[in-house]
Amino acid sequence: MLLNIALHGLEEAAGVQYQTGTHAGEIRVGSPALTRYADDLVVCCHSRQQAEQVKARLAEWLEPRGLAFNEAKTRIVHLSEGFDFLGFNLRRYPNGKLLIKPGATAIKRFRSRLAKEFRALRGANVAAVLAEIVPIVRGWVAYYRTVVSAKVFHTLTEYLWKLTYKWACWSHPNKPKHWIVGRYFGKFSKFRNDRWVFGDRDTGAYLPKPAWTDIVRHTPVKGWASPDDPALAGYWAQRRRKVKPPLDSYTVRLLSRQNGRCSLCGENLLTPDQPPQSPQGWEHWFLQVTRQAITADYLVHHDTPSAARSNRTHLVHATCHRSKHPPRQAGNTVLQQTT
C-alpha cells in the first residue's frame with residue numbers, strides 16, 4: 001500500500017496517454033504503456049530512443065521522492081529477446097506470437113525448493129510428506145495456470161515423480177522396488193486412470209500431478225476498475241464468480257451446482273475478496289481456505305443425476321459440518337461446557 005501511494009502518478013510521469021470518447025481507456029497510438037505491481041514495473045515503448053527518454057523522465061520524477069532505479073535489474077531489451085516480470089517470461093517469437101510462460105528463474109527456484117523439502121522430509125511418513133508438499137505444488141501451479149504452462153507442468157510432473165520415488169527408496173532401502181511401488185504408488189484419484197500417483201493408502205490422500213491442471217486464461221480487468229472502489233463491488237463479485245478456483249474438477253462441479261454457497265447456511269464457500277497474487281499466496285490459500293473453510297458432506301456416497309438435491313453429495317463449511325455432526329464424547333454422554 002505504501003509503495004502504491006509513493007508511486008501514484010508514475011504513468012503520467014512516463015508520458016502514458018489514453019484516448020477519450022468511445023475508445024476511452026485505450027492507449028493512444030505512439031504512447032508508451034506502463035504496467036506496475038508494487039515497485040516492479042515494465043514500460044513498453046515503440047523504439048529504444050523512446051525507452052531511454054521514458055527512463056530519464058521516470059528517474060527525474062523519482063529523485064525528489066528519495067527513490068531511484070536499481071540499475072542491476074533495469075534493462076532495455078527488444079521484445080524478441082524477452083524479459084522476466086513477476087516470475088513470468090514475456091517474449092515475442094519469430095512466428096509473431098507473444099507468449100507468456102513461467103520464468104526460467106522461477107522454475108529453477110521451485111525445483112530447488114522441492115528438492116530441499118524432500119531432503120528435509122527423509123525419515124517422515126507419507127502423511128507428513130503430503131501435508132507439506134501438496135500445498136506447495138498446488139500453490140505454484142495455481143499461480144501459473146493462466147499462461148502457457150502446459151509443457152512446464154508436464155516437466156515438473158516428471159521431476160516430482162523422481163523426487164517421490166527417490167524418497168520412497170530412501171525410506172525403505174532394504175525393500176524391493178516392486179514393494180515400494182505397491183506401497184506408495186497407485187490409482188489414488190478415482191477421476192484419473194493413472195496408477196502412478198503418489199499417495200497414502202491408509203488415508204487415500206495423494207499428490208496431484210501438475211500436468212492435470214487445466215490452463216485457464218486470465219480475463220483482463222476492464223478500464224480503471226479497482227477492487228477498492230465501492231461502486232464496483234458488483235463488478236468484482238460477478239468477476240470472481242466466473243473464475244474457476246484451482247481445485248479438482250469434481251469440487252468445481254459441486255461448487256457450480258451449489259452456486260458457490262454452503263448448503264447449510266447459504267453463505268459463500270470460496271469467494272475471497274481478492275485472489276492471491278503470488279505462489280506463496282496461493283499456497284496459503286490452500287492451507288487456510290480449502291482445508292478449513294469447506295468440507296465434503298459425504299452423507300450419501302452415490303451421486304446420481306436423478307437423485308434429489310437433498311440426497312446428493314454437497315459442500316459445506318467445516319464449521320457448519322461440525323455443528324451438524326458434533327464429536328462424540330468418550331466415556332459418557334455428558335457434554336462438558338467449554339470456553
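Residues numbered from 1 in each chain as written. Predicted model: local features only at pLDDT ≥ 70, side-chain atom pairs only at ≥ 80, totals over all residues. Heavy atoms only, no water.

### Examining the packing of helix α4 (residues 104-120) against helix α6 (residues 150-171)
Point 1. With their axes 10 Å apart at the nearest point, α4 and α6 run at an angle of 15 degrees to one another. With respect to α6, the element α4 is oriented roughly parallel. α6 is crossed by α4, and the crossing has right-handed handedness. Of the residues in α6, those touching α4 at Ile107, Phe110, Arg111, Leu114, Ala115 and Phe118 are Val152, Thr155, Leu156, Tyr159, Leu160, Leu163, Thr164 and Trp167.
Point 2. Residues that form the contact of α4 with α6 fall into these classes: eleven nonpolar, two polar and one charged. (Axes fitted to C-alpha atoms, helices over the stretch in contact; angles between N-to-C directions. Helix = DSSP H or I, 4+ residues; strand = E, 2+ residues; numbered from the N terminus. Parallel < 35°, antiparallel > 145°, perpendicular 65-115°, else oblique. Left-handed = near helix turned anticlockwise from the far one by under 90°. Contact = heavy atoms within 4.5 Å. Nonpolar A, V, L, I, M, F, W, Y, C, P; charged D, E, K, R; others polar.)

### Notes on the pattern of salt bridges
Between side chains of opposite charge, pairing is possible as soon as their charged atoms come close.
Point 1. Evaluated as defined, the whole model comprises five salt bridges.
Point 2. Across the pair Lys55 and Glu71 runs a salt bridge, and its minimum N-O distance is 3.2 Å. One end of the pair, Lys55, is in helix α3 (residues 48-62); the other, Glu71, is in the loop between α3 and β3 (83-85), with 16 residues separating them in the sequence.
Point 3. For Lys55, a relative accessible area of 26% gives the class partly exposed. (Salt bridge = Lys/Arg side-chain N within 4 Å of Asp/Glu carboxyl O. Buried < 20%, exposed > 50% of the residue type's maximum accessible area, 1.4 Å probe, protein only.)

### Quick look at a positive patch on the surface
Point 1. Residues Lys116, Arg119, Arg122 and Lys166 make up a contiguous surface patch of positive charge.
Point 2. Checked against the element boundaries, Arg119 lands in helix α4.
Point 3. Taking the relative accessible area as the measure of exposure, Arg119 reaches 51% and is therefore exposed. (Patch = residues over 30% accessible without salt bridge, like charges linked within 9 Å, V, L, I, M, F, W, Y side chains within 5 Å. Areas by Shrake-Rupley, 256 points an atom, 1.4 Å probe, with all protein chains shown as cover. Lys, Arg positive; Asp, Glu negative; His and termini not counted. Charge placed at Lys NZ, Arg CZ, Asp CG, Glu CD.)

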